[in-house]
Amino acid sequence: MRVHALLDRLDINRESVIVIRGDTLVPGDVLLLDADVVEIRPVISGGCR
Amino acid sequence: MKCRVCKGAAVIDVRRHNANFCAEHFIAHCHEQVRRTIDHFSMMQPDDRVLVAVSGGKDSLALWDILLSLGYRADGLYLGLGIGDYSTESTHYSRDFADRVKGRLVEIDLLADEGFDIPTGARLARRAPCSACGLSKRHLFNRAALEGGYDVVCTGHNLDDEAAVLLGNVLRWNVEYLGRQHPVLDARPGFVRKVKPLVRLAEREMAAYCVLRGIDYQVEECPMAAGNRHIGYKEALDGIEAGSPGTKAAFFHEFLDKASHLFTPESDVVREGLLACASCGSPTTGEVCAFCRLVERATASSSNMSVPVQLGETRS
Ligand code: SF4
Ligand SMILES: [Zn+2]
Ligand SMILES: [Zn+2]
């Protein structure tokens, strides 16, 4: 399954997350393998800096 | 997906620019966006002494990193808020990053230096925690900059932050806040210039920047932020952005270009006639400034208090 399809299936807006595998980013069109472990990290924060 | 610049494998897409980037060129893209923002708004001069408000989160650490990469003389300023584990961790992230870039991190601790922390102080002063926190940050960042001889204070507000604040202000037609919502607040007597160099970069890009630069940042949110209105506005805007990339940037930047000047006079009136605070000397409309009043209440024992209730959040 591709990253974008995974996000769609989980009903996650792709603008609100980054997807990380190992120590780098995985773009939306990458085909994930069954053995892949990815972190879907939210990027939205409370806005106080 | 191929990098727009080198045609190598891309690691991120930025849909509002209709572009994909490899790690190297994405980092260059972020630097370029900040460089352009600084130029466009005349935010600072190459030899300015710059103080970056650092929280340990992605935006402020990325901002510090970018300013150093662009050659600015930028130090960090960390304010310990005393919010349990959240503050303990944010201190580590800030110090670790400062060590890594061999940067100077100025530290202020609310409890040690001012006698209160946010959770207890806000309760004693009967203010919403975020309101007490925002007021403390504004006051102490400014004071630290004045005392340290800095020319400018930079904060890590990004495009999503500003678009969400704008949406909130428009939904309620807060004309006074609309007049003040600009990426540059010029210096005035007693106030150092404040700027927001990340307003062209989206929140997702700042998170991506940190990952690609190997910057360890605090992903955990401040517990006080849970469920605040601001987050709801961001989610609403992201919903629109997903179907129509570029809307967020247009909403905020077209406001600056076409509409913000219409609201400016409203806010300027408020700034006239400031006096020096009887306690700390900073400019204020009253006899004692809002921060000194907060300190007085937040450090008072709960028995001898009679303070007006002041609720609702304010954002810096
Ligand atoms: S969420 Fe509120 S209390 Fe927490 S850091 Fe932000 S403004 Fe301060
Ligand atoms: Zn490239
Ligand atoms: Zn004062």
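To keep things clear, this report deals only with the structure shown in the data block.

Regarding the sheet that holds strand β4 (residues 73-80) of chain B
Residue and element names in this part refer to chain B.
At step 1: Read from one edge to the other, the open sheet built from six strands follows the order β5-β4-β3-β6-β8-β7, with strand pairing classed as mixed. Either end of the sheet is taken by a strand with one partner, and the two such strands are β5 (105-109) and β7 (184-185).
At step 2: As judged from the two bridges shared by β7 and strand β8 (residues 193-195), these two strands associate in the antiparallel manner. What sits directly across from Val184, in β8, is Val195.
At step 3: In the packing of helix α2 (residues 58-69) onto the sheet, contacts are made with β3 (49-54), β4, β5 and β6 (152-154), and the angle to β3 comes to roughly 160°.
At step 4: In this fold helix α3 (residues 84-101) packs onto β3, β4 and β5, with an angle of close to 165° to the strand it touches most, β5.

Overview of the site of ligand 1
At step 1: Residues in close proximity to ligand 1 include Cys48(A), Leu81(B), Ile83(B), Cys130(B), Cys133(B), Lys137(B), Cys222(B), Met224(B) and Ala225(B), which together make up its full environment.
At step 2: Among the chains of the assembly, those with residues near ligand 1 are chains A and B.
At step 3: Across the shell around ligand 1, the residue classes break down as eight nonpolar, no polar and one charged.

Remarks on the coordination of the zinc ion (ligand 3)
Residue and element names in this part refer to chain B.
At step 1: Every protein donor of the zinc ion (ligand 3) is accounted for by Cys277 (SG), Cys280 (SG), Cys289 (SG) and Cys292 (SG), and the metal-donor separations fall at 2.3 to 2.4 Å.
At step 2: Classification of the site at the zinc ion (ligand 3) as tetrahedral follows from its four donor atoms and the range of 106 to 113° in their angles at the metal.
At step 3: Each donor residue of the zinc ion (ligand 3) belongs to the same chain, and together they define the spacing C-x2-C-x8-C-x2-C. With a gap of twelve residues between them, Cys277 in the loop between β9 (275-276) and β10 (283-284) and Cys289 in the loop between β10 and α12 (290-298) connect regions that are remote in the sequence.
At step 4: The class of Cys289 is buried, set by a relative accessible area of 4%.

Analysis parameters
Residues numbered from 1 in each chain as written. Chains lettered and ligands numbered in written order. Predicted model: local features only at pLDDT ≥ 70, side-chain atom pairs only at ≥ 80, totals over all residues. Heavy atoms only, no water. Pairing = 2+ DSSP bridges. Helix = DSSP H or I, 4+ residues; strand = E, 2+ residues; numbered from the N terminus. Contact = heavy atoms within 4.5 Å. Axes fitted to C-alpha atoms, helices over the stretch in contact; angles between N-to-C directions. Near = heavy atom within 4 Å. Nonpolar A, V, L, I, M, F, W, Y, C, P; charged D, E, K, R; others polar. Donors = N, O, S within 2.8 Å, 3.2 Å for Na, K, Ca; no water. Tetrahedral: all angles 85-135°; square planar, octahedral: opposite > 155°, others 65-115°. Buried < 20%, exposed > 50% of the residue type's maximum accessible area, 1.4 Å probe, protein only.

Geometry only, nothing functional implied.
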